[in-house]
Amino acid sequence: MQDGFIKVAAGTPEIRVADCAYNAQACLSLLHQAAAEGVKVLCLPELCLTGYTCGDLFLQDALLQGAEDALRSLLEGSKDLDLLAVVGVPVRYNQKLFNCAAVFCRGALLGLVPKIHLPNYTEFYEGRWFTSGRELRGTDFCIPFAGQESVEFSAGLLFRCVNEPLLTIGVEICEDLWVADPPSTRLAQGGATLLLNPSASDETVCKDAYRRTLLEATSGRLVCGYVYADAGWGESSTDLIYAGRSLIAENGTILAERRFATGLTITEIDLQKLAHERQRMTTYPADAPDLYPNYFELECTETRLTRPIAPNPFVPADHGDRAARCREILTLAALGLKKRLAHTRAKTAVVGLSGGLDSTLALLITARAMELLGRPQSDILAVTMPCFGTTQRTKSNAQVLAEETGASFREIDIGPAVKLHFQDIGQAMEDLSVTFENGQARERTQVLMDLANKTGGLVIGTGDLSELALGWATYNGDHMSMYAVNAGIPKTLVRHLVAYVADEQRGSAPRLSAVLEDILATPVSPELLPPKEGEIAQKTEDLVGPYELHDFFLYYAVRWGFRPRKVFRLAEYALGEKYDRATRLRWLQNFYRRFFAQQFKRSCLPDGPKVGSVTLSPRGDWRMPSDAAATLWLEEVERLTI
């Protein structure tokens, strides 16, 4: 289970109601298929050794003995398979019948977990046949079953993998999930990172949407993996329909799902990710004293990944609501600026407009803030400051953008002022060093700050989250502002948001849409070095690396705390077809080197709104010493090159 990934599956076998031997073979077939696919944990449906829809046949001794014999044959047939499995079976104890999940591994029956909440309303009649397992708690509840002399029988069992400490499994059954206080809450408090739910939930109109939402919410609330395996083909259709609904969720996200089908639904749960999130959340409880651990062992192997891993983790996934998500992000940033403008009674919002992506987004957010305040767009002062590296393309785009948004516009050529400054410090014009570049950036910031003073306004920062991560900003230059609206927005998302506005305005403001499209097509550049034949000579991604890679590294290194080896492995899976190994290694090394070296710039950032799951604000999510050593991280990256 390298890097914390474990392959899990929900399985729905084709069964026959009351044909226990047939059902055992159907389950065994899925076990063998799962093992061949590298699955380590498999959940099968509720009462699937008998069929959930047996009705009053559950009162027949023949059926109950047949179910126990079926489980015995399943244990015998799976003793050479390296996986843990859960299967539903009725269990008779002390003249009462319990709806149970049998948990087994390599032929050993580890425990029997009884269902606690028995539905007895509308189409459900479980209370007619079964008894709740609520009182069955404690290690003294052991019974002989399925050929084993002593099997733990309790509603408070946890199953812990002795050679993978992050893997602890808890089980609840169908209705247990749907109640106000589900057993999964206590199981997760006791350390369960993976919850299994053998279920037999019939299908009715609109029920599935709620079920899906319930799985997302439960896995997110409990910070766990959740495998839900539903009954399907073969259950009785006398009154109800069973659709074989399989769902696998992780921390609020559905990773894999199937419906109206039998067979296996397979994906991987990231146990390291879950452990990191629980460790980070200081309010996450870690105490459930009335739970009882049982132990099992699995062979540790590298897990081949099949789960979805987005190449652009900061960009909203397209679930049909992408436009709404973009509007929400823009609105959140605008609300932050609205509050700051109102609180300071600023007469203007001063934006340095370069014709590039970041300043474009800052202007668009500022325009929305003014709209929310009910103020005219002319209260925005958009300032373009051409100098030695400015091209006609970006200069023209800046002017058109200001005109189309209704902002007041000024053009100030800073070339003469920079040349005078260079004379003062003895900087030769032909010396295209970092001083040549940063001198221009600091002059621009000085102009903006003084214009803000002159107009009673605030300077709106344009630098984005990706630039802050890499330190790709001039200290006390574009690094500084009075409110940094882009500070929580990474470069890949900046591009996406500008593209969204371009699409949104295509019908009503075609000229604005067109200039936004051209800005999107312009190479990312600080434009601090002289152009070559009128074209941009300095391309940021040639110097620091592709932002697509850096944003990917940033998300997994900061949000989830993954070590470089795992970050690299995920990048290979998500972006390997686009960037070769040498390219990914080169820029991963550059990312860690710059991230550690440039913390001093982040330690004194201006205020700015958090809009997503990652921010590097020194007052918020990220507090790091400026002189921390990168040795551990860089050494691990170096080992990846061997």
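Here the residue numbering is sequential within each chain, running from 1 through the sequence in written order. Only residues with pLDDT of at least 70 get local features here, since the model is predicted, and only at 80 or more are side-chain atom pairs given and counted; chain-wide, interface and lining totals rely on the full set of residues. Only hydrogens and water are set aside; all other atoms, that is, all heavy atoms of the structure, feed into the side-chain values.

When you look at the overall build of the protein in this model, what are you seeing that I'm missing?
Think of it this way: any DSSP run of H or I at least four residues long counts as a helix, any run of E at least two long counts as a strand, and we number them from the N terminus. Tallying secondary structure elements over the protein gives 20 helices and 20 strands in all. Taken along its principal axes, the extent of the C-alpha atoms in the protein is 100 × 55 × 40 Å. The buried label goes to any residue with under 20% of its type's maximum accessible area, the exposed label to any with over 50%, and the partly exposed label to all in between, with areas taken from a 1.4 Å probe on protein chains only. For the protein, the residues scored as buried account for 57% of the 642 residues in total. As displayed, the protein offers around 26,200 Å² of accessible surface, 50% of which is attributable to carbon and sulfur atoms. Only four residue types enter the charge count: Lys and Arg as positive, Asp and Glu as negative, with His and the chain ends excluded. One atom stands in for each charge, and that atom is NZ of Lys, CZ of Arg, CG of Asp or CD of Glu. Across the protein, the 66 positively charged side chains and the 79 negatively charged ones have centroids separated by 5 Å. Accessible surface is estimated by sampling points in the Shrake-Rupley manner with a 1.4 Å probe; for residues, cover comes only from the protein chains shown.

What's the story with the sheet that holds strand S4 (residues 96-105) in this structure? I'm lost.
Only when DSSP finds a minimum of two bridges between them are two strands counted as paired. Taken in spatial order, the six strands make up an open sheet running S5-S4-S3-S2-S1-S14, and their pairing is mixed. Every other strand in the sheet has two partners, leaving strand S5 (108-114) and strand S14 (263-270) as the edge strands with one partner each. Sheet twist, expressed as the average angle between the axes of neighbouring strands with direction ignored, equals 30°. Across eight bridges, the pairing between strand S1 (residues 5-12) and S14 is antiparallel. Across the sheet, residue Gly11 finds its bridge partner in S14, namely Leu264. Here, two residues are considered to be in contact whenever any of their heavy atoms come within 4.5 Å of each other. Interaxial angles span 0 to 180 degrees and are taken between N-to-C directions of axes, which are lines fitted to C-alpha atoms, for helices over the stretch in contact. Lying over the sheet, helix H1 (residues 20-36) contacts S1, strand S2 (41-43), strand S3 (84-93), S4 and S14, oriented at roughly 45° with respect to S14. Docked against the sheet, helix H6 (residues 271-280) engages S1 and S14, running at close to 45° with respect to S14.

Help me understand the packing of aromatic side chains in this model?
One pair of aromatic rings is described through two measures. These are the centre distance and the angle between the planes. Under the pairing criterion, centres of Phe, Tyr and Trp rings, with the six-membered ring standing for Trp, must be within 6.5 Å; the plane angle then separates stacked pairs below 30 degrees from edge-to-face pairs above 60, leaving the rest tilted. The full count for this structure, using the stated rule, is 23 aromatic pairs. On the numbers, 5.5 Å between centres and 85° between planes, the contact of Phe98 with Phe153 is edge-to-face. With a gap of 55 residues between them, Phe98 in strand S4 and Phe153 in the loop between strand S7 (148-152) and strand S8 (157-161) connect regions that are remote in the sequence. In this structure, Phe98 and Phe153 share a single accessibility class: buried. These aromatic residues form a ring-pair network of at least three members: Phe553, Phe591, Tyr592, Phe595, Phe596, Trp622 and Trp633. As a reminder, the over-ring test applies to NZ of lysine and CZ of arginine, requiring each to be within 6 Å of the ring centre and within 35 degrees of the ring normal. It is Lys207 that lies over the ring of Trp178; its NZ or CZ is 5.7 Å from the centre.

Could you clarify how one ought to interpret a nonpolar patch on the surface in this entry?
Residues enter patches when their relative accessible area tops 30% and they take part in no salt bridge; the joining distance is 9 Å for like charges and 5 Å for the nonpolar side chains Val, Leu, Ile, Met, Phe, Trp and Tyr. The rule for a salt bridge is simple: a side-chain nitrogen of Lys or Arg has to be within 4 Å of a carboxyl oxygen of Asp or Glu. Together, Leu332, Leu335 and Leu372 make up an exposed nonpolar region whose accessible area comes to about 230 Å². Position of Leu335 relative to the elements: it lies in helix H7 (residues 322-344).

Looking at this structure, how should I read unusual backbone geometry?
With phi around 50°, Val223 is a residue other than glycine that occupies positive phi space. With respect to the element layout, Val223 can be found in the loop between helix H5 (207-222) and strand S11 (225-230). Overall, the relative accessible area of 0% leaves Val223 in the buried class. Unusually for a residue other than glycine, Asn476 sits at a positive phi of about 60°.

Whenever I open this one, the state of the cysteines confuses me. Can you help?
A covalent bond bridging the sulfur atoms of two cysteines is what the word disulfide describes. Cysteine sulfur atoms that come within 2.5 Å of each other are treated as a disulfide pair. Under the defined criterion, the tally for this structure stands at zero disulfides. Unpaired in this structure, Cys48 has its nearest cysteine sulfur neighbour in Cys27, at a distance of 3.7 Å. Cys54 takes part in no disulfide bond, and the closest cysteine sulfur, belonging to Cys20, lies 7.0 Å away.

Explain empty space enclosed by the protein to me, please; I cannot follow it from the model alone.
Sizing a probe to match a water molecule and rolling it over the atoms shows the empty space that remains. Method remark: on a 1 Å grid restricted to protein atoms, a set of points is classed as a cavity if a 1.4 Å probe fits but cannot get out and as a pocket if it is open with protein on both sides within 12 Å along at least five of seven lines; lining residues have an atom within 4 Å of a point. Grid points are joined across faces, edges and corners, and a volume is the space filled by probe spheres set on the points. Within the structure shown, the criterion is met by three cavities of 30 Å³ or more. Computed from the structure, the largest cavity encloses a volume of approximately 110 Å³. Lining the largest cavity are 15 residues, with Gly463, Leu468, Asp478, His479 and Leu605 positioned closest to its centre. Any residue that is not Ala, Val, Leu, Ile, Met, Phe, Trp, Tyr, Cys, Pro, Asp, Glu, Lys or Arg is counted as polar, Gly included; the first ten are nonpolar and the last four charged. A class-by-class count of the residues in the lining of the largest cavity yields seven nonpolar, five polar and three charged. Looking at the second largest cavity, its volume works out to about 60 Å³. For the second largest cavity, the full set of lining residues is Leu468, Ala487, Leu605, Pro606, Gly608, Thr615, Leu616, Ser617 and Arg619. Across the lining of the second largest cavity, the residue classes break down as five nonpolar, three polar and one charged.

Would you explain the environment of His276 in this entry?
Note that His276 resides in helix H6. Classification of His276 as buried rests on a relative accessible area of 19%. Considering only alpha carbons, one finds His276 and Gly51, 225 residues apart in sequence, at a separation of 39 Å.

Quick question: what am I supposed to make of the side chain of Asn438 here?
With respect to the secondary-structure elements, Asn438 resides in helix H11 (residues 434-455). Among the polar contacts made by the side chain of Asn438, one reaches the side chain of Thr474 at a distance of 2.8 Å. In protein, a polar contact means a hydrogen-donor-capable atom and an acceptor-capable atom, both N or O and within 3.5 Å, with residues adjacent in sequence counting only if both atoms are side-chain atoms; elsewhere, any N or O pair within 3.5 Å suffices.

Teacher, can you tell me more about the environment of Leu585 here?
Mapped onto the elements, Leu585 comes out in helix H18 (residues 581-597). Sequence separation between Leu585 and Val637 is 52 residues, and the spatial gap between their C-alpha atoms is 7.3 Å. Those residues in contact with Leu585, other than ones at most four positions away along the chain, are Phe568, Val637, Leu640 and Thr641.

Help me understand the pattern of salt bridges, please; the structure alone is not making it clear to me.
One side chain can pair with another of opposite charge once the charged atoms of both are near each other. Enumeration according to the criterion identifies 44 salt bridges in this entry. Residue Arg393 is joined to Asp518 by a salt bridge in which the shortest nitrogen-to-oxygen separation is 3.2 Å. Of this pair, Arg393 sits in helix H9 (residues 392-405) while Asp518 sits in helix H14 (residues 510-521), placing them 125 residues apart in sequence. With relative accessibility at 27%, the residue Asp518 sits in the partly exposed group. For Asp621, the salt bridge goes to Lys610, with nearest N and O atoms at 2.7 Å. Highlighted residues: Asp621 in the loop between helix H19 (599-602) and helix H20 (631-640) and Lys610 in the loop between H19 and H20, separated in sequence by 11 residues. Each of Glu203, Asp208, Arg211, Arg212, Glu216, Arg245, Glu257 and Arg259 takes part in a single network of salt bridges with overlapping partners.

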